[in-house]
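Chain by chain, the residues:
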Amino acid sequence: SMAEGAGAGPRLAELLATGRRLWEEVETGAEPSSGAPAVQDKVRQGLDALRQAAAMVAQLDLFSENEELEEIASADLKYLLLPALLGALTLKQVDLSKRLEHLESARAHFWRFLKLCRSYGLGSFHLPPASPTGEEDAGSPSPGGPAAGQPNLVVMASSRQAKIERYKQKKELENRLASMKTSVESGQADEDQIREFYILQTQKWINTSLEEVESIDQEMVILRSRGTAKQSSAPPHGTSRQVRTPMKPFILTRDAAQAKVFGAGYPGLPTMTVDDWYEQRRRQGVVSGQSAPQRAPGITGEELQKQQQEKKEEEDDEEALQKARNWDDWKDTHPRGYGNRQNVG
């Protein structure tokens, strides 16, 4: 299957080269912000070129799931990368209102690329599930029985090992590619070298795609949980909420004893007492005007602890929880630095 034969060769090669160059410029760009208009223009142009190229590749039927790698002409191998490049550029879009769409679309591109590589026997890796949460097999009972929900330490250790291996591989691949690049691009390389160069490139992108799919899946979990939270607590009359650093999910408990109880049932979620929660928010600079309790001169740490303990018991637990719940609303109506005078330590 030679692209050149169809007369689309030069045009197709040009589109791929353009898309690739624009991706590289955005990736290694000097612009401080990916949101800069000039950068987003490149993202749009790059996506445009790559989409046209992908449509041509589909039309020409360059790749088929039941042919061997040897059957692909060396000059055509580079088009294997199209879906991976499309995925990478799709992630560079910055419109937050469409973030979930972009993640889903990028993931689909990476997945198609990985599936294609698998069918050609390129690289040994597990193909991630086709949909982000693996919903297509949600109906079936989870393998491994009731304990399957528990994090499997062996699996965790082996996936960490796999990551380290992948990283080493990636560095090795990058070094080999760098040393071959000039001869391939200047046209001095023979066919075997060209072939090896494109296959190495594809293997490098397999690693990148596996990493991207993993981080896309993590980001989608956060966005989806935020989405459901937003629907249940839409801010009153269109006030815009400030963008905050996303927090990892946790269970809010009233005190340390409760934290222990809850902790047992939810191994995946860290538990936090209301006090810890306030403390974390204070460290992130969100809770202003709440200073840590000052130690009066001549008081030992033990006495201070006792005092704080008594103070804590005096405070109504319900009130503390209510405060935590109202915290977001409070921030919407009070400018930063207003200071929460009622609860100074």
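See the structure shown above.
Each chain carries its own residue numbering, running from 1 in the direction its sequence is written. Totals for whole chains, interfaces and linings use every residue, but because this is a predicted model, local features are given only for residues with pLDDT of at least 70 and side-chain atom pairs only at 80 or more, for both listing and counting. To get the side-chain values, take all heavy atoms of the structure and skip hydrogens and water.

### Details of helix H2 (residues 37-60)
- Under the scheme used here, helices are H or I runs from DSSP no shorter than 4 residues and strands are E runs no shorter than 2 residues, and both carry numbers assigned from the N terminus. Multiply 1.5 Å by the residue count of a helix minus one, and that product is the helix's expected span. With 24 residues, H2 should reach 34 Å at 1.5 Å per residue; the first-to-last C-alpha distance of 35 Å fits that figure.
- Each residue's exposure class comes from its accessible area (1.4 Å probe, protein chains only) as a fraction of the maximum for that residue type: buried when under 20%, exposed when over 50%, partly exposed otherwise. Within the span of H2, buried status applies to Val39, Gln40, Val43, Gly46, Leu47, Ala49, Leu50, Ala53, Met56 and Val57.
- On its buried face, H2 sits against helix H1 (9-27) and helix H3 (82-90).
- One or two steps after H2, the chain reaches Asp61, where phi turns positive at roughly 60°. Here a residue-residue contact requires only that any non-hydrogen atoms of the pair lie within 4.5 Å.

### Focus: the side chain of Ser209
- Mapped onto the fold, Ser209 is located in helix H6 (residues 191-232).
- In this structure Ser209 comes out as buried when scored by relative accessible area, which is 0%.
- In contact with Ser209, not counting residues within four places along its chain, are Ala84, Phe110, Phe113 and Leu114.

### A few points about the environment of Ser34
- By secondary structure assignment, the location of Ser34 is in the loop between H1 and H2.
- Looking at Ser34, the relative accessible area reads 40%, which means it is partly exposed.
- Sequence spacing of Ser34 and Lys92 is 58 residues, and the spatial spacing of their C-alpha atoms is 7.2 Å.
- Setting aside its immediate chain neighbours within four residues, Ser34 contacts Val39, Gln40 and Val94.

### Let's talk about the nonpolar core
- Nine residue types can take part in a nonpolar core, namely buried Ala, Val, Leu, Ile, Met, Phe, Trp, Tyr and Cys, and a core is a set of them joined through side-chain atoms within 4.5 Å. Of all hydrophobic cores here, the largest spans 54 residues; its most connected members are Phe63, Tyr79, Phe113, Tyr120, Leu122, Trp205 and Ile206.
- The leading source of residues in this core is H6, at 10 residues.
- Residues in contact with Phe113, not counting those within four places in the same chain, are Leu80, Leu81, Pro83, Ala84, Thr202, Trp205, Ile206 and Ser209.
- Of all hydrophobic cores here, the second largest spans five residues; its members include Met272, Val274, Trp277 and Trp327.

### Examining helix H5 (residues 153-185)
- With 33 residues, H5 should cover 48 Å at 1.5 Å per step; its first-to-last C-alpha distance of 46 Å lies within 8% of that length.
- Within the sequence span of H5, burial applies to Arg166, Lys170, Leu173, Leu177, Met180 and Val184.
- In this structure, the buried side of H5 is in contact with H6.

### Section: the environment of Ala75
- Tracing the backbone shows Ala75 in the loop between H2 and H3.
- The exposure class of Ala75 is partly exposed, given its relative accessible area of 29%.

### Some words on the pattern of salt bridges
- By definition here, a salt bridge exists when the distance from a side-chain nitrogen of Lys or Arg to a carboxyl oxygen of Asp or Glu is within 4 Å. Per the stated rule, a full pass over the model turns up 15 salt bridges.
- One salt bridge in this structure joins Lys92 and Glu27, with 2.8 Å as the shortest N-O distance. Of this pair, Lys92 sits in the loop between H3 and helix H4 (99-119) while Glu27 sits in helix H1, and the two are 65 residues apart along the sequence.
- A relative accessible area of 41% means that Glu27 is categorised as partly exposed.
- We note a salt bridge from Lys170 to Glu211, for which the minimum N-O separation is 3.3 Å. Of this pair, Lys170 sits in helix H5 while Glu211 sits in helix H6; the two residues are 41 residues apart in sequence, bridging distant segments of the chain.
- Given the relative accessible area of 19%, Lys170 is considered buried.

### Remarks on the packing of H1 against H2
- What counts as an axis is a line fitted to C-alpha atoms, over the stretch in contact for a helix, and the angles between N-to-C directions run from 0 to 180 degrees. As a packed pair, H1 and H2 sit with axes 8 Å apart at the nearest point and diverge in direction by 150°. Between H1 and H2, the interaxial angle falls into the category roughly antiparallel. Handedness of the H1/H2 crossing: left-handed. Contacts from Arg11, Leu12, Leu15, Leu16, Thr18, Gly19, Arg20, Leu22, Glu25 and Val26 of H1 reach H2 at Val39, Lys42, Val43, Gln45, Gly46, Ala49, Leu50, Gln52, Ala53, Met56, Val57 and Leu60.
- Put simply, Ala, Val, Leu, Ile, Met, Phe, Trp, Tyr, Cys and Pro go in the nonpolar bin, Asp, Glu, Lys and Arg in the charged bin, and everything else, Gly too, in the polar bin. Split into classes, the residues belonging to the contact of H1 with H2 amount to 13 nonpolar, five polar and four charged. Here roughly perpendicular refers to angles of 65 to 115 degrees, roughly parallel to angles under 35, roughly antiparallel to angles over 145, and oblique to all remaining angles. Each crossing is labelled by how the near helix is turned from the far one, with a counterclockwise turn of less than a right angle marking it left-handed and a clockwise turn marking it right-handed.

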